[in-house]
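Examining the three-dimensional arrangement
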Amino acid sequence: MMRLFHYVGPESIRIAARSSPAGCKIDSTTALANWWRENRDDERGWVTYTITANGDLLIAPRRSEHVACAGGGPVRAAGEMRFGHQSDVLEVTNNSTGFCPAEDCWPAVHSALEAAGLRHPGGFTFVAIFRRCPKCGGRNLVKDDWFVCALCDAELPLTWNFEL
Ligand SMILES: [Zn+2]
């Protein structure tokens, strides 16, 4: 069974996201080509993505909030993708501070990319390690294997801990 990730970011962003459109469902190379035709982004190639509870790939311009892209969530995965020419995914991450998805959510992304017929790197090109501080509750993006809370210096667990 696929794990679902729930939004864990600021409530103000969740509320603001309600007035933003959900991401565009990408289920084919044609759908992706059509999306790029309408979204000439300033940060060329990068998009925000979420994988819905149903396994659908939704994408939105990179400045979009993940919770907006997801239409409110929950998600099987979330992060950023960079596309090359046509439909090739060159980079893909689980970097979403809104959902703080676990490091092992790649299979959900893999399934959606395969279903849409998009070529991909076969795994995350950057793995974001999110941990909730057991002491202050702060959301941390762990860098350089430094499992210490940036807000209160408490030790962070080695395993993902955003379960409700
Ligand atoms: Zn802390």
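The present account deals with the structure reproduced in this document. (Residues numbered from 1 in each chain as written. Predicted model: local features only at pLDDT ≥ 70, side-chain atom pairs only at ≥ 80, totals over all residues. Heavy atoms only, no water.)

**What to know about the side chain of Thr48**
Positionally, Thr48 belongs in strand β2 (residues 46-52). The buried category is assigned to Thr48, whose relative accessible area is 1%. There is a polar contact of 3.0 Å between the side chain of Thr48 and the backbone oxygen of Arg62. For Thr48, the residues in contact, after removing those within four places along its chain, are Leu58, Ile59, Ala60, Pro61, Arg62, Ser64, His66, Cys69 and Gly79. (Helix = DSSP H or I, 4+ residues; strand = E, 2+ residues; numbered from the N terminus. Buried < 20%, exposed > 50% of the residue type's maximum accessible area, 1.4 Å probe, protein only. Polar contact = N/O pair within 3.5 Å; in protein donor to acceptor, adjacent residues only side chain to side chain. Contact = heavy atoms within 4.5 Å.)

**What to know about the coordination of the zinc ion**
Cys133 (SG), Cys136 (SG), Cys149 (SG) and Cys152 (SG) make up the full set of protein donors to the zinc ion, lying at 2.3 Å. Taken together, the four donor atoms coordinating the zinc ion and their angles of 102 to 117° define a geometry best described as tetrahedral. Counting along the primary sequence, the residues that act as donors to the zinc ion give the motif C-x2-C-x12-C-x2-C. Residue Cys152 is classed as partly exposed on the basis of its relative accessible area, which comes to 25%. (Donors = N, O, S within 2.8 Å, 3.2 Å for Na, K, Ca; no water. Tetrahedral: all angles 85-135°; square planar, octahedral: opposite > 155°, others 65-115°.)

**A look at helix α2 (residues 29-38)**
All of the buried residues along α2 are Ala31, Leu32, Trp35 and Trp36. Down the axis of α2, the smallest arc covering the buried residues is 135°, so these residues share one side. The outward face of α2, more than 90 degrees from its buried face, is lined by the exposed residues Arg37 and Glu38. Considering only its buried residues, α2 is in contact with β1 (24-25), β2, β3 (57-61) and β4 (75-83). (Arc of directions from axis to C-beta.)

**As for the pattern of salt bridges**
For the structure on display, the rule yields eight salt bridges. Two residues, Glu80 and Arg62, come together in a salt bridge whose shortest N-O distance is 2.8 Å. Placement of the pair is Glu80 in strand β4 and Arg62 in the loop between β3 and α3 (66-69), with a sequence separation of 18 residues. For Glu80, a relative accessible area of 15% corresponds to the buried category. Assessed through its relative accessible area of 21%, Arg62 is described here as partly exposed. Between Arg82 and Glu91 there is a salt bridge, with its nearest N and O atoms 2.5 Å apart. A relative accessible area of 26% means that Arg82 is categorised as partly exposed. One salt-bridge network, held together by shared partners, links Arg3, Asp104 and Glu163. (Salt bridge = Lys/Arg side-chain N within 4 Å of Asp/Glu carboxyl O.)

It is worth stressing that arrangement in space is one thing and function is another; only the former is reported here.
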